[in-house]
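Chain by chain, the residues run as shown.
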Amino acid sequence: MATAMALRSFGRRTSIAARGFSGSCETEKAAKDGKPINLFSAINQALHIALDTDPRSVLDHLVGYFLFRCRLIINRVGSLFCAYVFGEDVRFGGVFRCTTGLADRFGRSRVFNTPLCEQGIVGFAIGLAAMGNRAIAEIQFADYIYPAFDQAFTAAPMAYSTKTEDSIVNEAAKFRYRSGNEFNCGGLTIRTPYGAVGHGGHYHSQSPESFFCHVPGLKVVIPRSPQQAKGLLLSCIRDPNPSIFFEPKWLYRLAVEEVPEHDYMLPLSEAEVIRQGSDITLVGWGAQLSVLEQACVEAAKEGISCELIDLRTLIPWDKETVEASVRKTGKLLISHEAPVTGGFGAEISASIAESCFLRLEAPVARICGLDTPFPLVYEQFYMPTKNKILDAIKATVNY
Amino acid sequence: MAVLARSSSPSSLSKLLRPHSVSSLRSFSSSAADDQRVLTIETSVPFTGHRIEPPSRAVDTTPAEILSFFRDMAVMRRMEIAADSLYKAKLIRGFCHLYDGQEAVAVGMEAAITKRDGIITSYRDHCTFLGRGGTLLQAFAELMGRRDGCAKGKGGSMHFYRKEASYYGGHGIVGAQIPLGCGVAFAQKYSKDGSVTFALYGDGAANQGQLFEALNMAALLDLPAILVCENNHYGMGTAEWRAAKSPAYYKRGDYVPGLKVDGMDVLAVKQACIFAKEYALANGPIILEMDTYRYHGHSMSDPGSTYRTRDEISGVRQERDPIERVRKLILSHELASASELKDIEKEVRKEVDDAVAQAKECPVPDPSELFSNVYVKGFGAETFGPDRKEVRSVLP
């Protein structure tokens, strides 16, 4: 623990260097020192910490020539650079109150509103991140992320050019690769609320995570609870790769959990087994975890022991943990809100069929959203509800 | 320009009939034609042009038209207030964006154009739908996701459509409808039927890149597209000057001419739309910036009072309200008495209440509607049950 503390304070001083840790960061599973807070407050806490630990230094008042000459040195020292939070209406706290109080504490130069221009927001964030900063951009709803889609793909591998037209997919995702590691936008984190809320209709309910999972170079992270959200968000922000952090908006107010007040991070690309079992492996992420958990409880009443895994990071995903579990149980069920066809469940299913073919005792089940647009009416029919999952658990176990 | 404008004799959205050539009737001052006599009213704010000579401030209208403006706007205002309470009663789900304050834009525009001219707008689309001839019942049923809604209850607040009146609907993503509108205009240009498309967007959407992409294409191809920026001064919770380096949206087309219009004055809107339609048919795209105001917040989750003062809202209500302006006009020209106007408002209120009651009785769509309209039936599409194996059904 002392080492961890020392490392953390060192990390504060050498923020750039500290970005390389996502695989080796400290994990704090027991949250005994925490206060019960909800998900949006946990995100808010994480953002406060991110801005606090990555402060604007005196050095950045120096401009122009000197700055240019010093860039190399400064890059190593890492003290010139800074974290920023921006997006539509974030200065006032954002529609979900996640950024409340940030502007008052850190100033309007670091926490600011943007016009309604998603492609602009993400492209801007990539540029800011490419200069070594931590750019924490908010897209107000995941449903609005599509205009910025192009930019995200760029953030992973690209030769440096003045082109700015593509965003998430063509810019963010490919920056490092195509520039032969000369440039990158690893400091980029896009936060965006995703998923159903019970009455969101077509454009405030979608789960677009699988589109982004088709892009090598990006990290896609989805937390299931306040405690997870804080730790994973801080990891995303400090990870040296561009990441998209989907926040389950259904849980913003609903999920309350004890969250440690201090700065902690949870490892990316590491799934968590949150319930041990022997009959079937259930895999999910985000808000779907609570539905899966309810199904586990119901199944247990009928004598079925389910192992529940929260994938947490979708790409690069923790294949080993899922494989180990399937080798034990011989059965797999995957559940997500996005439509079943082409969802990330398909990738998991195919990978597991490949690596655990001889261990599988039943076809992999996918309980997901239906292949329809997200409906305004009959949302419950569309959603992968507890009973649908329970049915599929029984069908798979009794196969 | 005013003479030209008059000869185009636009149709009104009102049920009241208007003769095609207003000026010819002026000499016959029979009592039947009394409410069709031509009144020329000056707009209080002059138009400001960008790369174009603005139209005259003198707008020709008739008593009948002014009274229909009053009624139509009163219906819209009442509908939005009813929608507000239905949302709070959780009868409207999804998201809901109200138009009250901006009624003059929808009504003035309709007075200038025909139902063959296209309109495409954003998610703040309820009143534009009424303007296009949609009924209150269709509107409320759609808001509540009921079968009799204009999109069979499958669209909800943000997705009102009316094909027979060339209403290409409400679109959920900020700015996404503008390029679509230009596509519609291209089809119209091709068909040479003398119709144009009005693509409406807000001041928030004016900062979207796709506006400029669409504008460039429209100008290259000389499309009969009229880009209408309904500037209500707040893009969600951000004031226009915080979001736009140049909040003079009518100038932002650069090479495309623009016109700034008092969007709280229904007659000014009408005049501008007549002018713009004529211009667009002859020359290609034009931008109209309607200076307007929304009384409600951006959506129902926005109280609308955190980023602006209550004084500002009540100031606009007192000084610029589009309905009150028409009321004053009617009273000063003695077209109707104050009590007659009150009666109209009572009538409107009842009409709205009846429509709400009727819509509440309306059944929800059939469950099979969840799967219909995803693909065209009979083209090999199939739908699956939750396990994707056991339960299969053919699309309805």
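Since the structure is predicted, the reported quantities are computational estimates derived from the model, not experimental observations.

About the criteria used
- Residues numbered from 1 in each chain as written.
- Chains lettered and ligands numbered in written order.
- Predicted model: local features only at pLDDT ≥ 70, side-chain atom pairs only at ≥ 80, totals over all residues.
- Heavy atoms only, no water.
- Helix = DSSP H or I, 4+ residues; strand = E, 2+ residues; numbered from the N terminus.
- Buried < 20%, exposed > 50% of the residue type's maximum accessible area, 1.4 Å probe, protein only.
- Contact = heavy atoms within 4.5 Å.
- Areas by Shrake-Rupley, 256 points an atom, 1.4 Å probe, with all protein chains shown as cover.
- UniProt positions renumbered as here; feature names shortened; annotations may be inferred.
- Pairing = 2+ DSSP bridges.
- Axes fitted to C-alpha atoms, helices over the stretch in contact; angles between N-to-C directions.
- Salt bridge = Lys/Arg side-chain N within 4 Å of Asp/Glu carboxyl O.
- Polar contact = N/O pair within 3.5 Å; in protein donor to acceptor, adjacent residues only side chain to side chain.
- Parallel < 35°, antiparallel > 145°, perpendicular 65-115°, else oblique.
- Left-handed = near helix turned anticlockwise from the far one by under 90°.
- Nonpolar A, V, L, I, M, F, W, Y, C, P; charged D, E, K, R; others polar.
- Disulfide = S-S within 2.5 Å.
- Core = buried A, V, L, I, M, F, W, Y, C linked by side-chain atoms within 4.5 Å.
- Domains from an automatic or database assignment.
- Buried area = accessible area lost by both parts, 1.4 Å probe.
- Patch = residues over 30% accessible without salt bridge, like charges linked within 9 Å, V, L, I, M, F, W, Y side chains within 5 Å.

## Concerning the overall build of chain B
Okay, step 1: The helix and strand inventory of chain B stands at 13 helices and 13 strands.
Okay, step 2: Within chain B, the proportion of its 396 residues that are buried is 58%.
Okay, step 3: Counting only contacts in chain B whose residues sit at least 6 apart along the sequence, the fraction spanning at least 24 positions is 72%.
Okay, step 4: Only carbon and sulfur atoms are counted for the fraction: they give 55% of the accessible area of chain B, which is about 16,700 Å².

## Side note on the UniProt feature "domain: Dehydrogenase E1 component" (unreviewed entry) in chain B
Okay, step 1: Mapped onto this structure's residue numbering, the UniProt feature "domain: Dehydrogenase E1 component" (unreviewed entry) falls at residues 71-367 of chain B.
Okay, step 2: The span residues 71-367 of chain B is 46% helix and 12% strand, and its two end C-alpha atoms sit 38 Å from each other.

## A closer look at the sheet that holds strand β5 (residues 167-170) of chain B
All names here are of chain B.
Okay, step 1: With respect to topology, seven strands assemble into an open sheet ordered β2-β10-β11-β7-β6-β4-β5, the strand pairing being mixed. Unpaired on one side and paired on the other, β2 (48-50) and β5 mark the two borders of the sheet. For this sheet, the mean angle separating the axes of adjacent strands, direction not counted, is 20°.
Okay, step 2: Pairing between strand β7 (residues 225-231) and strand β11 (residues 286-291): six bridges, direction parallel. Each bridged residue has a counterpart across the sheet, and for Val228 the counterpart in β11 is Leu288.

## Looking at the interface of chain A and chain B
Okay, step 1: Taken together, the contact pairs 37 residues of chain A with 36 residues of chain B.
Okay, step 2: Scanning the region where chain A abuts chain B turns up zero salt bridges.
Okay, step 3: Viewed at the interface, chain B and chain A are joined by nine residue pairs in polar contact (both at pLDDT 80 or more).
Okay, step 4: Looking at the side of chain A that touches chain B, the elements that each hand over two or more residues are β14 (365-369) and α14 (379-382) of chain A.
Okay, step 5: Counting residues per element, the side of chain A that touches chain B draws most heavily on β14 of chain A, which supplies three residues.

## A few points about the packing of helix α3 (residues 63-88) of chain B against helix α12 (residues 322-332) of chain B
All names here are of chain B.
Okay, step 1: Across the interface, α3 lies against α12 with an axial gap of 10 Å and an inter-helix angle of 150°. With respect to α12, the axis of α3 lies roughly antiparallel. In this structure, α3 meets α12 at a crossing whose hand is left-handed. Facing α3, whose interface residues are Ile66, Leu67, Phe70, Met73, Ala74 and Arg77, α12 presents Pro322, Ile323, Val326, Arg327, Leu329 and Ile330.
Okay, step 2: Grouping the amino acids of the contact of α3 with α12 by side-chain chemistry returns 10 nonpolar, no polar and two charged.

## Quick word on the state of the cysteines
Residues and elements named next belong to chain B.
Okay, step 1: As enumerated under the stated definition, the model contains zero disulfides over all chains in all.
Okay, step 2: Cys96 forms no disulfide, and the closest cysteine sulfur to it belongs to Cys127, at a distance of 10 Å.
Okay, step 3: No disulfide involves Cys229; its nearest neighbouring cysteine sulfur is the one of Cys273, lying 13 Å away.

## Re the nonpolar core
Okay, step 1: Phe86, Leu311, Leu332, Phe344 and Ile348 of chain A are the most contacted members of the largest nonpolar core, which totals 91 residues.
Okay, step 2: No other element matches the nine residues that helix α2 (residues 39-53) of chain A contributes to this core.
Okay, step 3: For this core, the domains that each give at least three residues are domain 1 (2-260) and domain 2 (272-397) of chain A.
Okay, step 4: Excluding anything up to four places from it in sequence, Phe344 of chain A contacts Ser210, Cys213, Trp285, Leu311, Leu314, Ile315, Trp317 and His336 of chain A.
Okay, step 5: Residues Phe69, Leu267, Met290 and Ile330 of chain B belong to the second largest nonpolar core, which totals 75 residues.

## Let's talk about the domain arrangement of chain A
Residues and elements named next belong to chain A.
Okay, step 1: Its domain assignment divides chain A into domain 1 (2-260) and domain 2 (272-397).
Okay, step 2: Here domain 1 packs against domain 2, burying approximately 2,000 Å² in sum over the two surfaces, 58% of which is carbon and sulfur.
Okay, step 3: Interface area lost by domain 1 to domain 2 is led by Cys213, Ile222 and Arg224, which between them contribute 25%.
Okay, step 4: Summed over the shared surface of domain 1 and domain 2, the number is two salt bridges.
Okay, step 5: Arg224 serves as the salt-bridge partner of Glu272, at 3.2 Å between the closest nitrogen and oxygen.

## Brief notes about a nonpolar patch on the surface
Residues and elements named next belong to chain B.
Okay, step 1: Together, Phe186, Tyr190, Met217, Leu220 and Leu221 line one region of the surface with nonpolar side chains, adding up to about 590 Å² of accessible area.
Okay, step 2: Looking at the nonpolar patch, the elements that each hand over two or more residues are α7 (177-191) and α8 (209-220).
Okay, step 3: Within the element layout of this structure, Leu221 appears in the loop between α8 and β7.
Okay, step 4: Residue classification places Leu221 among the partly exposed positions, given a relative accessible area of 39%.

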